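Inside the fold
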Amino acid sequence: MNYRHAFHAGNFADVLKHVVLSLCLAHLNKKPKPYRVIDTHAGIGVYDLAGNEATRSPEWKDGIARILEADRPAEVDLVLKPYLDIVRAMNDGKALTAYPGSPEIARRLTRKDDRIHLCELHEADAKTLDKRYALDSRIRVERRDGYAAMEGLVPPKEKRGLVIVDPPFEHRDEMAHMAEAIKDALPKWPTGTYIFWRPLKDLWAAERFDTGLAEWLFDEEYATPENVLRVDLWVRDLEAEGKLAGAGVVVVNPPFTLEADLVTVLPWLCDLLKQEAGAGWRVDGALAEEDFEEDGAE
Ligand code: SAM
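Note that the structure is a prediction, hence the values are computed from the model and not measured.

1. Here we look at the site of the ligand
Around the ligand sit 21 residues in total, of which H41, G43, G101, S102 and H122 are the nearest. Of the residues assigned to the shell around the ligand, the class counts are eight nonpolar, eight polar and five charged.

2. Examining the confidence of the model for the protein
For the protein, per-residue confidence averages 93 on the pLDDT scale, and residues scoring 70 or more make up 95% of the total. Overall, residues 291–298 carries pLDDT values under 50, and its contacts beyond four positions in sequence, including any with other chains, amount to two contacts. The ipTM for the predicted assembly is 1.00, set against a pTM of 0.95.

3. Some words on unusual backbone geometry
Cis geometry marks the peptide bond from V154 to P155; its omega dihedral reads 5°. Inspection of the secondary structure assignment puts P155 in the loop between α7 (146–153) and β6 (161–165). Phi angles above zero are rare outside glycine, and F169 is one such case at about 55°. Within the secondary structure, F169 is located in the loop between β6 and α8 (174–188). By the C-beta count within 10 Å, which is 18 here, F169 ends up partly exposed. Here N253, not a glycine, exhibits a phi torsion of approximately 60°, which is positive. Within the element layout of this structure, N253 appears in the loop between β9 (246–252) and α10 (258–273). Using a count of 23 C-beta atoms within 10 Å as the deciding quantity, one classes N253 as buried.

4. What about the environment of V76?
If you trace the backbone, V76 turns up in helix α4 (residues 74–91). The buried category is assigned to V76, around which 20 C-beta atoms lie within 10 Å. Those residues within four positions of V76 in sequence are excluded, and the remaining contacts are T264, V265 and W268.

5. Thoughts on the environment of L118
Within the fold, L118 resides in strand β4 (residues 115–119). Separated by 80 residues in sequence, L118 and I38 place their C-alpha atoms 6.1 Å apart. The residues touching L118, leaving out its near neighbours within four places in the chain, are D39, A42, P103, L129, I139, R140 and V141.

6. Here's the deal with the UniProt feature "site: Interaction with substrate rRNA" (unreviewed entry) in the protein
UniProt annotation of "site: Interaction with substrate rRNA" (unreviewed entry) refers to Y3 when read in the numbering used here. If you trace the backbone, Y3 turns up in the segment before α1 (12–28). For Y3, a count of 15 C-beta atoms within 10 Å gives the class partly exposed. Leaving out residues up to four positions away in the same chain, Y3 has contacts with P168 and E170.

7. Here we look at the packing of α1 against α10
Here α1 crosses α10 at 160°, and the two axes come no closer than 12 Å. One way to sum up the angle between α1 and α10 is to call them roughly antiparallel. Crossing of α1 over α10 shows right-handed handedness. In this structure, α1 contributes F12, V19, L23 and C24 to the contact, and α10 contributes L258, D261, V265 and L273. Across the contact of α1 with α10, the residue classes tally to seven nonpolar, no polar and one charged.

Calculation criteria
- Residues numbered from 1 in each chain as written.
- Predicted model: local features only at pLDDT ≥ 70, side-chain atom pairs only at ≥ 80, totals over all residues.
- Near = placed C-beta within 6 Å.
- Nonpolar A, V, L, I, M, F, W, Y, C, P; charged D, E, K, R; others polar.
- pLDDT = per-residue confidence, 0-100.
- Contact = placed C-beta atoms within 7 Å.
- Helix = DSSP H or I, 4+ residues; strand = E, 2+ residues; numbered from the N terminus.
- Buried ≥ 20, exposed ≤ 12 C-beta atoms within 10 Å, placed from the backbone.
- UniProt positions renumbered as here; feature names shortened; annotations may be inferred.
- Axes fitted to C-alpha atoms, helices over the stretch in contact; angles between N-to-C directions.
- Parallel < 35°, antiparallel > 145°, perpendicular 65-115°, else oblique.
- Left-handed = near helix turned anticlockwise from the far one by under 90°.

Have a look at this one:
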């Protein structure tokens, strides 16, 4: 396990993932009933942008830093508010040095009766999480494989909630693992919202994951096209060699407002965060049923 998220904290891919997570949690907060958050690959919760890793690899300067410095149109600001409020609160009017990971976003947006379950396999990172959240009785940290843990964690006692699956993609079969995880979890907890992060590195693998997942969901009647949304952002040509050019999430059972919110912010985000020619974005329920009807008929 060599992956250290501190090298990437606050980059364009984190921004998109964390905006989506914040919007999903803000939506869950609209109803008073408690809900559960399950974070299968949690990281360390808070990242020090002035620390060694982030200084050596200051990807955040082309991510969250650009957003905080930009003039934001009112409609964009409104959508980014739950996310940016957290970043601002953590930095308390001072220079940007603290950046929230997914556990911290969950901690700050959940309410007193909501529960958060964090899994982290890396020993030192799990200890950091444990220490960080020891005083918050709503949060449980487990040092274990998030995929294996999910089998027992789903369904939680709450009907509502969210699972975020954000693995490091150190292994070639990561997408297959993600697909298996949802096939196991969704039948047991069909009312949960599921967020799957994946890089746009091997475009064929990403497409196969997205369409394979959608096909399974539709075939098994666990979801209709309205219940699956994918959102991607790329900051340079996706075919270009070198650093990660694009990434995004597939959301199963998204809040009904998510697509419109993302369509509002993505053009602005793309324009602001682009690094080279060839940047782009997409928000689609393009995983449309008709794409699969033909296959089925063959
Ligand atoms: N979700 C975090 C966030 O948004 O702030 C970032 C997570 S980072 C991309 C992936 C994390 O998964 C790393 O901290 C890594 O140590 C951990 N990890 C790797 N394999 C794992 C596994 N099988 N189960 C749980 N955690 C794992």
